[in-house]
Amino acid sequence: MRFKRNGSYTLNRKSKTKPNGKKTPAEEKKHYLEPEYTKVRVVDSDLKELVVLPREIDLNEWLASNTTTFFNLINLQYSTISEFCTGDTCQSMTACNTIYYWYDEKGKKSKCTAPQYVDFVMSLVQKLVTDEDIFPTKYGKEFPNSFESLVKKICRYLFHVLAHIYWAHFKETVALELQGHLNTLYAHFIVFVREFNLVDPKDMCVMDDLSEVLCTPLPPNAQQNHVTER
Ligand SMILES: [Zn+2]
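Now for a look at the structure at hand. Just so it is clear, the structure is predicted and the values come from calculations on it, not from any experiment.

Mapped onto the elements of the fold, R156 is located in helix α6 (residues 147–175). With 17 C-beta atoms packed within 10 Å, R156 lands in the partly exposed category. Taking C-alpha positions, R156 is 7.6 Å from D203, a pair spaced 47 residues apart along the chain.

This is the structure in structure tokens:
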């Protein structure tokens, strides 16, 4: 596990819900779109209301606090499947038909495995959110001019990590019974980045089908399958 921030986090490896239905590879790949899974969420509060800037809070403070929280949660969600995301299983950073390449600080493009890419993302974001000059926490310290563009960059990378978890590790997430958490985290994140235009819709279109389903409130009769089994 990478970047483990919570030492007591354990994986439930003995899950009984291992999926093994017979499907075509394409159907198999979009396992996460099956209603059985998309209706499973931890909470069904009004996410839109949750992300809107509260009147008394400074915009940059709000963006900083939410971005840091999403970084921690996405990092933790990835850590639950990270042992299945190896240089062998995921030779490139994929989500649907897209391969993400890493661009270093000098703008040099390189192809890397998914775990390397996630490592690069998490190291970079960790560095940024803990940099007092970029994410100031001390009273009276100003946010830099580049703050918004850095938040956008972070959100774009975090989106790639979420997309990869769905695309390549949804089965493992289901086996760990964490799909409700993943769906809720994803929906909250998407509603947040849409509210503040933090990720270009062109970047997010690879997951539009899922975003459509998850960011639409459930009809009242579908809510009986709420995650309550834990
Ligand atoms: Zn992977």
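Text resumes after the structure shown.
Let us now look at unusual backbone geometry. The backbone phi angle of C96 is positive, close to 55°, even though this residue is not glycine. Note that C96 resides in the loop between β1 (93–95) and β2 (98–100). The phi torsion at E177 lies on the positive side, around 60°, for a residue other than glycine. When you line up the elements, E177 lands in the loop between α6 and α7 (179–195). Since 16 C-beta atoms lie within 10 Å of it, E177 is described here as partly exposed.

The next point concerns helix α4 (residues 59–81). With 23 residues, α4 extends 33 Å from end C-alpha to end C-alpha; this agrees with the ideal 33 Å at 1.5 Å per step. Residues of α4 that are buried: L63, N66, T67, F70, F71, I74, N75, Q77, Y78, T80 and I81. If you follow the buried residues of α4, they end up packed against α5 (114–129), α6 and α7.

Scoring rules and cut-offs
Residues numbered from 1 in each chain as written. Predicted model: local features only at pLDDT ≥ 70, side-chain atom pairs only at ≥ 80, totals over all residues. Helix = DSSP H or I, 4+ residues; strand = E, 2+ residues; numbered from the N terminus. Buried ≥ 20, exposed ≤ 12 C-beta atoms within 10 Å, placed from the backbone. Expected span 1.5 Å × (residues − 1). Contact = placed C-beta atoms within 7 Å.

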